[in-house]
Amino acid sequence: MMGMLRMKIGLVIGSVVLSAGLWLGAPATATAAGGGITFEKQKWQHSGPFGTFDRAAMVRGLQVYTEVCAACHSLDLVAFRTLSALGMSEDDVKEFASDYEVEDGPDNEGEMFDREAVPSDYFVAPYANDKAARASNNGAFPPDLSLITKARVGGEDYLYALLTGYEDEPEDFELGDGMAYNKYYSGHQIAMPQPLFEEHVEYDDETEATVEQMSRDVSVFLTWTAEPAMEDRKRMGVKVLIFLGIMLVLLVLVKRRVWSGVH
Amino acid sequence: MSGSTFETDNKLVNWFEKRLPIISLMHGAVVVYPTPKNLSWWWTFGSLAGVALVIMMATGIILAMHYTPHVDYAFLSVEHIMRDVNYGWLIRYVHSNTGSLFFMVVYIHIFRGLYYGSYKDPRELLWIIGLLIYVLMMATGFLGYVLPWGQMSFWAVTVITNLFSAVPIVGDAIVSWLWGGYAVGNPTLNRFFSLHYLLPFVIFAAVILHLWALHTSKSSNPLGVEVKTPQDTIPFHPYFTAKDLVGLAVFLIVLFFFVFFAPNYMGHPDNYITANPMVTPAHIVPEWYYLPFYAILRAIPDKLGGVIAMFGAIVILFLVPWLDTSKVRSSRFRPIYKQFFWILVLDCFVLGWVGANAPEGHFILIGRLATAYYFLHFLVILPIVGMIEKPLPLPESISQPVLKGEQE
Ligand code: HEM
């Protein structure tokens, strides 16, 4: 009986520790796929089981995206209506959307026409198609940013590192035409010119727009675009695990009771 | 299934019973089924696999309501599920993480069988049906991984289907037949979706056969001595329902830990990039549960040879009931084989590790040695150890005071 109980407890603790270890015990630096490049893990308000998005940072990050990144990168999967998650009112969202023009139609004459965007529309891509994007970027393709933090090893930590990783190339490094040197990009040559410089944007909340600050803010914003349900997910997760934990204890008690007569 | 003692006064039930005795059948299978009373926790993984299968089918059917199997829309429709469908993210994460844990559960279930000699007479068919289920699961998992049409989806299907081109003469014809064209494209995605929806139902049917075989030959047990008297068994319900529910709760805690707090931990970031036939990812790796076979595939320098070795690694498992010459089932009483069992487990982990890495440098050598050892285990060690090993004395029966050191 004792042996069984020990085994039971061992099994439970073992599996919980195993999964927690896999997750929490991840090293403080991450290695991007290929090339053995390491970068630091940042502290984010949204990490951990109780993490929530930093609303102010998201709003600033949206500004960095629209004023800087949007010149080259699309954000196809994000609808304006979802910006309410940043704390924007319905009217704010309407007004934000109305700055964009989208093609609609055909109308009753069979013609396509442009109109002001409404909240149900999606962010408008800077280029008409991939070829146009490449043509304007030295042959390189600026990827859509909607899922970028889930599409790279290291996620938002990598994004932050990339945006702050520009520097002059070492003397013996042969930089290709139109390429920039970046500490954290695999192969160290990236076709994206350094996008952020001090005071590149002017924040409404008067936060100082350092390169680090803007990089952080846009990383938070893009973490949200990649996983808009994260807060709901974690909130529900805490409840579900507490429920299952209680359930487990009760089931263990039931099991011991049922088995108490078996020898 | 088992001889039933089902009786009731309920008129409706009896009316039904007379025409279709399904209630007494279920009663025999999950209530009175005589179960060896010494089954350990390793015997809960079978029912866990059953629960996992049901979770997969339930979530999969809901996903299919919102998914679009077209190369231009597949990726977007998955994101639509993640963003717009109510609790779509939950359904999708449960489906993908249960998929991974299902394999973990089944691997434990298989190794349980290997350790306790569960495949031996009279359970050979039970074992073989189990392996057929496993092969079907691998096919289903592979087909499903293609559906989100991310970079890894596309390149995994390209690499794996291309293996068939190694078949002499008809290889290329087979590959274009699989693709439905001359490249992986929309016809490929369409048929993969169709088959991914079909196979779980085939698995379900196979599970029923599996349980039928189980209830015919009855469960083995950690001692590996057959049930002799009624004192050796207890009814499945309430004893093993209570025990399996504890296992289920632990399983759900692990599952939901991943779903809610690390939902993409077992996935690959490249699958959040839309499939692009023009851009090859730096490392094409299959899902973790195929990695040992992937390592075996790449261990052989010849393409056809690699494919044969990979399929051989699975086929060999079907022969295990006849390769094992030991008269004793359970490794508890097999001091020598027990050691080799754990070496095999280690070998499989090594193969998985090699499969996850690019075939360069020392990984090539390690992969080849581990592959050779895998076959050595089944073809040489398993038959020979059974012949030369002197097993420990077996207990009289399950309820007989067990010989030294075996008491709970
Ligand atoms: C969908 C997948 C599967 C399901 C739902 C399933 C279900 C079950 C269940 C409920 C049991 C009885 C409880 C237990 O002994 O754990 C069982 C026993 C067994 N299964 Fe499976 N199984 C699956 C896959 C497999 C596979 C892949 C194999 C091996 C290749 C296998 C081999 C066996 C054997 C040998 C037994 C009898 C064990 C003994 O009594 O010692 N099963 N299975």
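Here the structure is shown first, and the text comes after it.
Here's what I pulled together on the structure shown here. Fair warning: this is a prediction, and the values are worked out from it, not measured in the lab. (Residues numbered from 1 in each chain as written. Chains lettered and ligands numbered in written order. Predicted model: local features only at pLDDT ≥ 70, side-chain atom pairs only at ≥ 80, totals over all residues. Heavy atoms only, no water.)

**Quick word on the overall build of chain A**
Here comes step 1: If you tally the helices and strands in chain A, you get 7 helices and 6 strands.
Here comes step 2: From first element to last, N terminus to C terminus, chain A shows the α and β order α-β-β-α-α-β-β-α-α-β-β-α-α.
Here comes step 3: A burial count over chain A gives 39% of its 263 residues as buried.
Here comes step 4: Within chain A, residue pairs in contact and separated by at least 24 positions form 60% of the contacts whose partners lie at least 6 positions apart.
Here comes step 5: Carbon together with sulfur atoms contributes 55% to the accessible area of chain A, which is approximately 14300 Å² in total. (Helix = DSSP H or I, 4+ residues; strand = E, 2+ residues; numbered from the N terminus. Buried < 20%, exposed > 50% of the residue type's maximum accessible area, 1.4 Å probe, protein only. Contact = heavy atoms within 4.5 Å. Areas by Shrake-Rupley, 256 points an atom, 1.4 Å probe, with all protein chains shown as cover.)

**Looking at the interface of chain A and chain B**
Here comes step 1: With 47 residues of chain A at the interface, the matching set in chain B holds 41 residues.
Here comes step 2: Roughly 4000 Å² of surface becomes buried between chain A and chain B when both sides are summed, with 77% attributable to carbon and sulfur atoms.
Here comes step 3: Its largest share of buried area at the contact with chain B, chain A owes to Lys150(A), Arg233(A) and Trp259(A), together 15% of the area lost on that side.
Here comes step 4: The interface formed by chain A and chain B includes 1 salt bridge. (Buried area = accessible area lost by both parts, 1.4 Å probe. Salt bridge = Lys/Arg side-chain N within 4 Å of Asp/Glu carboxyl O.)

**What to know about the layout of surface pockets**
Empty space among the atoms becomes visible once a probe the size of a water molecule is rolled across them.
Residues and elements named next belong to chain B.
Here comes step 1: Reported here for the second largest pocket is a volume of approximately 1400 Å³.
Here comes step 2: Lining the second largest pocket are 48 residues, and of these Gly46, Ser47, His210, Leu211 and Leu214 lie nearest its centre.
Here comes step 3: Where the lining of the second largest pocket is concerned, the elements lending two or more residues are α2 (22-30), α3 (45-66), α5 (88-116), α6 (124-146), α9 (186-217) and α10 (236-261).
Here comes step 4: Tallying contributions element by element places α3 first for the lining of the second largest pocket, with 8 residues.
Here comes step 5: For the lining of the second largest pocket, the class distribution of residues is 32 nonpolar, 13 polar and 3 charged. (1 Å grid on protein atoms, 1.4 Å probe; cavity = no way out; pocket = protein on both sides within 12 Å on 5 of 7 lines; lining within 4 Å. Points joined across faces, edges and corners; volume = space filled by probe spheres on them. Nonpolar A, V, L, I, M, F, W, Y, C, P; charged D, E, K, R; others polar.)

**A few points about the pattern of salt bridges**
Here comes step 1: Summed over all chains, the structure comprises 16 salt bridges over all chains.
Here comes step 2: When the shortest N-O distance is used, the salt bridge between Arg81(A) and Asp84(B) registers 3.4 Å. Of this pair, Arg81(A) sits in the loop between α2 (55-67) and α3 (90-98) while Asp84(B) sits in the loop between α4 (74-83) and α5, each in a different chain.
Here comes step 3: Since its relative accessible area comes to 32%, Asp84(B) is described here as partly exposed.
Here comes step 4: Close ionic contact of Glu167(A) with Lys183(A) constitutes a salt bridge, the shortest N to O distance being 3.6 Å. Residue Glu167(A) is found in the loop between α5 (155-163) and β5 (180-181), and its partner Lys183(A) is found in the loop between β5 and β6 (189-190); the two are separated by 16 residues along the sequence.
Here comes step 5: Its relative accessible area of 39% is what places Glu167(A) among the partly exposed residues.

**Re the environment of Phe251(B)**
Here comes step 1: Inspection of the secondary structure assignment puts Phe251(B) in helix α10.
Here comes step 2: Here the alpha-carbon distance between Phe251(B) and Val105(B), two residues 146 residues apart in the chain, equals 9.1 Å.

**Considerations on the coordination of the iron atom of the ligand**
Residue and element names in this part refer to chain B.
Here comes step 1: Donor atoms from the polypeptide that bind the iron atom of the ligand are His109 (NE2) and His210 (NE2), placed at 2.0 to 2.1 Å.
Here comes step 2: In this structure, the iron atom of the ligand is surrounded by 6 donor atoms whose angles at the metal cover 82 to 179°, and the resulting shape is octahedral. Of this pair, histidine 109 sits in helix α5 while histidine 210 sits in helix α9, and the two are 101 residues apart along the sequence. Note on accessibility: histidine 109 and histidine 210 belong to one class, buried. (Donors = N, O, S within 2.8 Å, 3.2 Å for Na, K, Ca; no water. Tetrahedral: all angles 85-135°; square planar, octahedral: opposite > 155°, others 65-115°.)

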